[in-house]
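# Close look at the chain arrangement
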Amino acid sequence: MPYDGIVYLTMAAKRCKGSLRQSGAKRGGDIFSAIGAATGLGNAMRFPGLCARYGVAFVAAYALCLALVCLPLLVAEMSVGAKFRSPLSGCIGRLSPRAGFLAWAAVANSAFIGLYYGGVMLGTGNAALAAAGAEGSFPQSVALSAVVWAAVFALLSGGSARLSRSGRLSLCSFHIAILPIAVVGFGNIKVAFSPLSLLSGAVWTDALCQAMLSLSLAAGVMPAFAAEMSAEVSPARCAAKIVGANFTVCLIAYAAVMPYGVIGGNGDGLSASGELFPRIFAAVYGEGASGKAFSFIAFAALLVVAVQSACSLIFPLVREHGGALPAVCAVGFIISPFLAADGDMVAACDFVACTVAAPLIAAGECLLFARTGRQFMADGAASFLVRYICPAACALAAVFSLCCARISGLGVASLAVAVVAEAALMSLKLFPPLTKRLFGGKMVVWKRLKACATHFRAGVLRHTRSQTAGRRSNS
């Protein structure tokens, strides 16, 4: 009996230890899906290009935008996802049924960004093949598109658990691609900061839009991940870890890019990185056989990061409607080779989705959270910023982007095509509930207006009769 009791206790201890390991792995894996979404293509390629344009002033503006606008909004998004345990549409439906169109606009814009990232993925893959000595051609782009979108389908069909594992791989791939050139270039960084450079509105607009894009805000991504996290995870602490990881990789990217090139002009960060990285890899690794091998590995790692970013952005749409996954991957497979061949089209899509639509949607989210924040978010500094600072900052960024002269640099045709594509994608889910609500409540609105008109008319008649009676009595 004593021996049997010892064996039983030993087996029970092993089972308990195994369960603790599984629960710990689950809690650790939960946050890696969100960190993988927040340390993706925006940090690896878009952020370095913007740093190369603005210098250290962009890093300072980016840090302030993270602290004052993006961190509070991220806390709010993760809090609402953890509270209601549903995708963004379900969360907003619980908060305000009339604001359902806002969730569909965010999900549609997120999917749109994921689709045009297909062109960036193919551009990165073609750069890797070019480093290996392959000659670029359209059939090569089509074959690469099939491989890339098959990987996207495989990752998204596995749900958040598979995205969590790929998030770890994406974070490792980012360091494989960026960390070596950051270490080499760290000693050559020359910091020349002028406070007057922060007076440019373009710096703040690009910094805020880049911070929102890199953290996948106003896209339904973070509420979808927060809905599947463990109940023990604090949304505020998780948001702080995500922002910390994001800013850390941004500093690594800054150290990697700044010593090797500065660009100008009004192009987007992705186009700038497309010009910078081949030059940087050639300068660091050389033009020989070993240099080409290292360049191939670096571009292949960036391709892994790009695939993870596209999956994270399309994930909210898959959570809303799983049947949309094959259609989205098919559309991505078709349009990606054409986008890879037209950099202006990618720049136009980037401008419309990231610089105009995302801040407007974020401003709408902040206004909604300001009115309903007590249902899911405790009072504090984050709540104060979400209610007062975040809506104004996001709205000003979108308005400035619409009004500034950078629109002319994109080309009218490219911008028009991007707007039409954005409108077509949003119409899949935005227009049906909007028209249903509009026409369904038409009679109610008409009755209310008629009652108000009748009440106003009765009041006017009573006033007229009283005036007439007063005149008669005086006479």
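Residues numbered from 1 in each chain as written. Predicted model: local features only at pLDDT ≥ 70, side-chain atom pairs only at ≥ 80, totals over all residues. Heavy atoms only, no water.

Moving on to the overall build of the chain. The secondary structure content of the chain amounts to 19 helices and 0 strands. Sorting the 475 residues of the chain into buried and exposed places 50% on the buried side. The contacts of the chain with a sequence gap of at least 6 include a subset with a gap of at least 24, amounting to 86%. (Helix = DSSP H or I, 4+ residues; strand = E, 2+ residues; numbered from the N terminus. Buried < 20%, exposed > 50% of the residue type's maximum accessible area, 1.4 Å probe, protein only. Contact = heavy atoms within 4.5 Å.)

As a further point, take the pattern of salt bridges. Two side chains with opposite charge may pair up if their charged atoms get near one another. Taken as a whole and judged by the stated rule, the model has 3 salt bridges. Salt-bridge contacts for Arg46 lead to Asp350; the nearest nitrogen and oxygen are separated by 2.9 Å. Remark: Asp350 occurs in helix α14 (residues 343-372) and Arg46 occurs in helix α2 (residues 41-54); sequence separation between them is 304 residues. Each member of the pair, Arg46 as well as Asp350, carries the same accessibility label: buried. Between Asp206 and Arg53 there is a salt bridge, with its nearest N and O atoms 3.2 Å apart. On the criterion of sequence distance, the pair formed by Asp206 in helix α8 (residues 201-214) and Arg53 in helix α2 is long-range, its members being 153 residues apart. Taking relative accessible area as the criterion, Asp206 reaches 6% and is therefore assigned buried. (Salt bridge = Lys/Arg side-chain N within 4 Å of Asp/Glu carboxyl O.)

The next point concerns unusual backbone geometry. Of note in this structure, Ser216 is not a glycine but carries a positive phi near 55°. Relative to the elements of secondary structure, Ser216 occurs in the loop between α8 and α9 (221-226). For Ala218, which is not glycine, the phi torsion reads 55° and is therefore positive. Relative to the elements of secondary structure, Ala218 occurs in the loop between α8 and α9.

Here the focus is the confidence of the model for the chain. When pLDDT is averaged along the chain, the result is 77, and 79% of the positions lie at 70 or above. Overall, residues 1-29 carries pLDDT values under 50, and its contacts beyond four positions in sequence, including any with other chains, amount to 9 contacts. Segment residues 407-411 is flagged for pLDDT under 50; beyond a separation of four residues in sequence, or across chains, it makes 8 contacts in the model. (pLDDT = per-residue confidence, 0-100.)

Turning our eyes to something else, we now look at helix α3 (residues 56-84). Compared with the 42 Å implied by 1.5 Å per residue over 29 residues, the 40 Å span of α3 between its first and last C-alpha is a close match. At Leu66, α3 is bent by approximately 45°, the largest bend along its length. Of the residues trailing α3, Arg85 is marked for its positive phi of about 55°. (Expected span 1.5 Å × (residues − 1). Bend = angle between axes of the 7 residues up to and from the residue.)

Glancing now at the environment of Ala306. In this fold, Ala306 is placed in helix α12 (residues 289-320). Classification of Ala306 by relative accessible area gives buried; the value is 0%. In this structure Ala306 touches Leu41 and Met121, once residues within four positions along its chain are discounted.

Phe47, Met78, Tyr116, Tyr117, Leu156, Met212 and Ile242 are the most contacted members of the largest nonpolar core, which has 137 residues in total. Counting residues per element, this core draws most heavily on α3, at 17 residues. (Core = buried A, V, L, I, M, F, W, Y, C linked by side-chain atoms within 4.5 Å.)

How two aromatic rings sit relative to each other is given by the distance of their centres and the angle of their planes. For the structure shown, the criterion picks out 13 aromatic pairs. Centroid distance Phe281 to Phe299: 4.9 Å. Interplanar angle 85°. Geometry classified as edge-to-face. Linking Phe281 in helix α11 (residues 269-285) with Phe299 in helix α12, this pair joins segments that are 18 residues apart in sequence. According to the relative accessible area criterion, Phe299 is buried, its value standing at 7%. Geometrically, the ring pair formed by Phe369 and Phe376 is edge-to-face, given 5.3 Å between the ring centres and 70° between the ring planes. One aromatic cluster is present, built from ring pairs that chain together Phe277, Phe281, Tyr285, Phe294 and Phe299. (Phe/Tyr/Trp six-rings, centres within 6.5 Å; stacked < 30°, edge-to-face > 60°.)

At their nearest, the axes of α3 and helix α10 (residues 235-257) sit 9 Å apart, and the two run at 155° to each other. One finds that α3 runs roughly antiparallel with respect to α10. Once α3 is placed against α10, the crossing between them reads as right-handed. Note on element contacts: α10 touches α3 through Pro235, Ala236, Cys238, Ala239, Ala240, Ile242, Val243, Asn246, Phe247, Cys250, Leu251 and Tyr254, opposite Val56, Val59, Tyr62, Ala63, Leu66, Leu71, Leu74, Val75, Met78, Ser79 and Ala82. Of the residues contributing to the contact of α3 with α10, the split by class is 21 nonpolar, 2 polar and no charged. (Axes fitted to C-alpha atoms, helices over the stretch in contact; angles between N-to-C directions. Parallel < 35°, antiparallel > 145°, perpendicular 65-115°, else oblique. Left-handed = near helix turned anticlockwise from the far one by under 90°. Nonpolar A, V, L, I, M, F, W, Y, C, P; charged D, E, K, R; others polar.)

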